Amino acid sequence: NAGVTQTPKFRVLKTGQSMTLLCAQDMNHEYMYWYRQDPGMGLRLIHYSVGEGTTAKGEVPDGYNVSRLKKQNFLLGLESAAPSQTSVYFCASSYSSLVPYNEQFFGPGTRLTVL
Amino acid sequence: DAKTTQPPSMDCAEGRAANLPCNHSTISGNEYVYWYRQIHSQGPQYIIHGLKNNETNEMASLIITEDRKSSTLILPHATLRDTAVYYCIVRLDNNNDMRFGAGTRLTVKP
């Protein structure tokens, strides 16, 4: 099993450009998450999904949109990138939100730089 | 969710036990304590979690004080590969918003 994969690994954007980050998981997990991590800080939740076709806002949702059209994929979109969105983006998935099935499995991250 | 306090950094000798403390004095009765670690900019990795009782798995042990206001993650025989940032997180069951703090940077030295 590949676990959680993220595409792309690196990206450089100019201010105002748009892009989509793709997260895929092959563990049949219901829950998927998008986090961002700024230098020297912990992860912060952007958006999450509790199942196909559903999404919800996390701690820092502004400037991002998400979609979960297929159970195995969770897309994160930036419509008009800003330098403040320069960060490392991590995707995660879990079987459930309830103990003991709520262990989150993380992808390797996408390093995004907005100039 | 309750806020946690961890030391910013710690060192440990290879082969010795690493004891990482976490203070969560405002924890409520139904909040769990979770530990994750992040090795060199990789995605975080789950280690262990507990509610009231001490827990042990193949990676670590979690000791929670009786009043639940603090806990300690124990890596019994630290190796160089255990060098990482360790995050202590307190969250309610069924809460999807897991709040990571700055964590403790553990350096295991030869």
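Up top is the structure these notes are about.
These numbers were taken from a predicted model, which means no experiment stands behind them. (Residues numbered from 1 in each chain as written. Chains lettered and ligands numbered in written order. Predicted model: local features only at pLDDT ≥ 70, side-chain atom pairs only at ≥ 80, totals over all residues. Heavy atoms only, no water.)

Undergrad: Please clarify how the overall build of chain B should be interpreted in this entry.
TA: Summing up its helical and strand segments, chain B has zero helices and nine strands in all. When its helices and strands are written in sequence order, chain B yields β-β-β-β-β-β-β-β-β. For 110 residues, the compact-globule formula gives about 13 Å, and the C-alpha radius of gyration of chain B, at 13 Å, lands near that figure. Dimensions of chain B, computed from C-alpha atoms along their principal axes, come out at roughly 40 × 30 × 25 Å. Sequence separation of 24 or more characterises 57% of the internal contacts of chain B that already satisfy a separation of 6 or more. Between the centroid of the 11 positive side chains of chain B and the centroid of its 11 negative side chains there is a distance of 5 Å. (Helix = DSSP H or I, 4+ residues; strand = E, 2+ residues; numbered from the N terminus. Rg over C-alpha atoms; globule rule 2.2 N^0.38 Å. Contact = heavy atoms within 4.5 Å. Lys, Arg positive; Asp, Glu negative; His and termini not counted. Charge placed at Lys NZ, Arg CZ, Asp CG, Glu CD.)

Undergrad: Looking at this structure, I do not really get the sheet that holds strand β8 (residues 84-92) of chain B. What am I missing?
TA: Within a sheet, neighbouring strands are paired by backbone hydrogen bonds and run either parallel or antiparallel to one another. All names here are of chain B. Across the sheet, which stays open at both edges, the five strands sit in the order β1-β9-β8-β3-β4 with mixed pairing between neighbours. Of all the strands in the sheet, just β1 (9-13) and β4 (45-50) have a single pairing partner and so form its edges. Adjacent strand axes in the sheet meet at a mean angle of 25 degrees, parallel and antiparallel pairs treated alike. Where β1 meets strand β9 (residues 104-109), five bridges bridge the pair, whose relative direction is parallel. Considered in β9, the bridge of serine 9 is made with arginine 105. (Pairing = 2+ DSSP bridges. Axes fitted to C-alpha atoms, helices over the stretch in contact; angles between N-to-C directions.)

Undergrad: In this structure, what is going on with the nonpolar core? I would like to understand it.
TA: As a rule of thumb, nonpolar side chains are buried together in soluble globular proteins. Residues and elements named next belong to chain B. Counting residues in each nonpolar core, the largest one holds 21 residues, and the members touching the most others are Trp35, Leu73, Tyr86 and Leu106. Mapped onto this core, the elements with two or more residues apiece are β2 (18-23), β3 (31-38), β4, β6 (61-64), β7 (70-75), β8 and β9. The element contributing the most residues to this core is β8, with four residues. When neighbours within four sequence positions are excluded, leucine 73 is seen to be in contact with Ala18, Asn19, Leu20, Trp35, Ile47, Ile48, Ala60, Ser61 and Tyr86. (Core = buried A, V, L, I, M, F, W, Y, C linked by side-chain atoms within 4.5 Å. Buried < 20%, exposed > 50% of the residue type's maximum accessible area, 1.4 Å probe, protein only.)

Undergrad: Would you explain the environment of asparagine 94 of chain B in this entry?
TA: Examined against the element boundaries, asparagine 94 of chain B turns out to sit in the loop between β8 and β9. On the accessibility criterion, asparagine 94 of chain B (44% relative accessible area) is partly exposed. Residues contacting asparagine 94 of chain B, with those up to four places away along its chain left out, are Ser97 and Leu98 of chain A. A distance of 2.3 Å separates the side chain of asparagine 94 of chain B from the side chain of serine 97 of chain A, its partner in a polar contact. (Polar contact = N/O pair within 3.5 Å; in protein donor to acceptor, adjacent residues only side chain to side chain.)

Undergrad: Can you help me understand the interface of chain A and chain B in this one?
TA: If you look at the interface, chain A gives 23 residues, while chain B gives 22 residues. Here chain A meets chain B over a buried area of about 1700 Å², counting both sides, of which 50% is carbon and sulfur. Three residues stand out in chain A for area buried against chain B, namely Leu43, Val99 and Phe106 of chain A, and they jointly supply 25% of the buried area on that side. There are one salt bridge connecting chain A and chain B. Ionic pairing is found between arginine 99 of chain B and glutamate 59 of chain A, a salt bridge with its closest N-O pair at 3.6 Å. At the surface where chain A touches chain B, the tally comes to seven residue pairs in polar contact (both at pLDDT 80 or more). (Buried area = accessible area lost by both parts, 1.4 Å probe. Salt bridge = Lys/Arg side-chain N within 4 Å of Asp/Glu carboxyl O.)

All we've got here are geometric facts, nothing functional implied.
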